Amino acid sequence: MRVLVVEDERLLADAIAEWLRREAFAVDVAYDGDAALQRLGVNGYDVVVLDRDLPVVHGDDVCRAVVESERDTRVLMLTAAAAVRERVAGLAIGADDYLTKPFAFIELSARVHALTRRTRPAAPPRLARAGIVLDPARLEVTRDGRHVALSRKEFGVLAELLRADGAVVSTEELLERAWDEHIDPLTNVLRVTVMKLRRKLGEPPVIETVPGVGYQIR
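Residues numbered from 1 in each chain as written. Predicted model: local features only at pLDDT ≥ 70, side-chain atom pairs only at ≥ 80, totals over all residues. Heavy atoms only, no water.

**Focus on the UniProt feature "modified residue: 4-aspartylphosphate" (unreviewed entry) in the protein chain**
(1) Moving on: Taken from the UniProt record, the annotation "modified residue: 4-aspartylphosphate" (unreviewed entry) applies to Asp51.
(2) Moving on: Its location among the elements puts Asp51 in strand 3 (residues 47-51).
(3) Moving on: If we skip the residues at most four places from it in the chain, Asp51 touches Val6, Glu7, Asp8, Gly59, Leu78, Thr79 and Lys101. (UniProt positions renumbered as here; feature names shortened; annotations may be inferred. Helix = DSSP H or I, 4+ residues; strand = E, 2+ residues; numbered from the N terminus. Contact = heavy atoms within 4.5 Å.)

**Structural notes on the sheet that holds strand 3**
Strands pair in a sheet through their backbones, by hydrogen bonds, and they do so in one of two ways: parallel or antiparallel.
(1) Moving on: Spatial ordering of the open sheet is given by 2-1-3-4-5, a layout of five strands whose pairing is parallel. Across the chains shown, the open sheet's two edge strands, defined by having one partner strand only, are strand 2 (26-30) and strand 5 (97-100). Averaged over all pairs of adjacent strands, the angle between strand axes in this sheet comes to 20°, irrespective of strand direction.
(2) Moving on: Judged from the four bridges that link them, strand 1 (residues 2-6) and strand 3 form a sheet pairing that is parallel. Looking at the pairing, Val6 lines up with Leu50 of strand 3.
(3) Moving on: Lying over the sheet, helix 1 (residues 10-21) contacts strand 1, strand 2 and strand 4 (74-79), oriented at roughly 170° with respect to strand 2. (Pairing = 2+ DSSP bridges. Axes fitted to C-alpha atoms, helices over the stretch in contact; angles between N-to-C directions.)

**Some words on the nonpolar core**
(1) Moving on: By size, the foremost hydrophobic cluster in this structure holds 25 residues, and its most contacted members are Leu134, Val157, Leu158, Leu161, Leu190, Leu201 and Ile207.
(2) Moving on: Counting residues per element, the ones that place at least two in this core are strand 7 (132-135), helix 6 (152-163), helix 7 (171-178), helix 8 (189-201) and strand 12 (214-217).
(3) Moving on: The greatest single-element share of this core, amounting to six residues, is contributed by helix 6.
(4) Moving on: Counting residues in hydrophobic clusters, the runner-up holds 20 residues, among them Met1, Ala13, Leu108 and Val112. (Core = buried A, V, L, I, M, F, W, Y, C linked by side-chain atoms within 4.5 Å. Buried < 20%, exposed > 50% of the residue type's maximum accessible area, 1.4 Å probe, protein only.)

**Notes on the side chain of Thr73**
(1) Moving on: By the secondary structure assignment, Thr73 is in the loop between helix 3 (59-68) and strand 4.
(2) Moving on: Of note is the side chain of Thr73, whose polar atom sits 2.8 Å from the backbone oxygen of Tyr45.
(3) Moving on: Ignoring any residue separated from it by four or fewer positions in sequence, one finds Thr73 in contact with Tyr45, Asp46, Val47, Val48, Val66 and Asp96. (Polar contact = N/O pair within 3.5 Å; in protein donor to acceptor, adjacent residues only side chain to side chain.)

**Section: the environment of Glu107**
(1) Moving on: Looking at the element boundaries, Glu107 is found in helix 5 (residues 105-119).
(2) Moving on: Note on Glu107: relative accessible area 33%, which makes it partly exposed.
(3) Moving on: Between the C-alpha atom of Glu107 and that of Val42, which follows or precedes it by 65 residues, the distance is 29 Å.

**Looking at the packing of helix 6 against helix 7**
(1) Moving on: Between helix 6 and helix 7, the least distance of the axes is 10 Å, while the angle of their chain directions is 130°. By the angle class used here, helix 6 and helix 7 are oblique. Like other packed secondary-structure pairs, helix 6 and helix 7 cross with a definite hand, here right-handed. From helix 6, Lys153, Gly156, Val157, Glu160 and Leu161 reach across to helix 7, where they touch Leu174, Arg177 and Ala178.
(2) Moving on: Across the contact of helix 6 with helix 7, the residue classes tally to four nonpolar, one polar and three charged. (Parallel < 35°, antiparallel > 145°, perpendicular 65-115°, else oblique. Left-handed = near helix turned anticlockwise from the far one by under 90°. Nonpolar A, V, L, I, M, F, W, Y, C, P; charged D, E, K, R; others polar.)

**What to know about the pairing of strand 11 (residues 207-210)**
(1) Moving on: Taken together, the four bridges between strand 11 and strand 12 define a ladder with antiparallel strand orientation. Pairing of Val210 across the sheet is with Gly214, part of strand 12.
(2) Moving on: Taking the residues between adjacent antiparallel strands as the criterion, strand 11 and strand 12 are bridged by three residues, where Gly212 takes a positive phi near 75°.

**Remarks on the pairing of strand 7**
(1) Moving on: As judged from the three bridges shared by strand 6 (residues 127-129) and strand 7, these two strands associate in the antiparallel manner. Bridged to Leu127 within strand 7 is Leu134.
(2) Moving on: Once strand 7 ends, the chain turns through four residues before running back antiparallel as strand 8 (residues 140-143), passing Leu139 with a positive phi of about 55°.

**As for the confidence of the model for the protein chain**
(1) Moving on: Here the protein chain averages 88 in pLDDT, and 93% of its residues register 70 or above.
(2) Moving on: Of all secondary-structure elements in the protein chain, the lowest mean pLDDT belongs to helix 4 (residues 84-93), at 77, while strand 3 reaches the highest, 95. (pLDDT = per-residue confidence, 0-100.)

**Topic: the sheet that holds strand 9 (residues 146-147)**
(1) Moving on: Read across the open sheet, the four strands follow the order 6-7-8-9; overall the sheet is antiparallel. A strand with exactly one partner marks an edge of an open sheet, and here the two such strands are strand 6 and strand 9.
(2) Moving on: In this sheet, strand 8 lies alongside strand 7 in antiparallel orientation, the contact comprising four bridges. Looking across to strand 8, one finds that Leu134 is bridged to Val141.

Here it is in structure tokens:
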């Protein structure tokens, strides 16, 4: 799941991004509205965490651009203004949710998780295939009842393969969904991650390579 954090307070923006990355989100950061629009024009996001009072291009204009793009992108708007009329105005522009500063990171991440569920078709609470059970809420994985300890990226790749329900997931899609915009498309990091996943999941192997395309779990 991919998130764009748009916040001009750099320390806060970076702290939000780091918190969400710990929960297996792929996160990009923009420090002003213009940079946000550039990233939105290139990348697809499940959620945009958007400060309303942005320099260069106001957060309201960024929110309108997201709505007008007609993508399945949700907006969580952040603001220091606690007045009801401010929250109503943000929602009227097209924001899906609203959070007033200061906020607890655990609440922000809960709201992001809730919004990501709206961007995708309804899925079971747990993803299961080939004896593997992945619990997105608990960030836990088992195979045939055995606990499997995974890194955040390994967890993200496995989740995307399980969500595909047997279909092939391309290398490009896996890189886009599990990493941020700074990933080199020619890197071998995905191949290495899949190799580690296979080793941790054990025998018999369940992740198949589709040459020239990507990977799948039948």
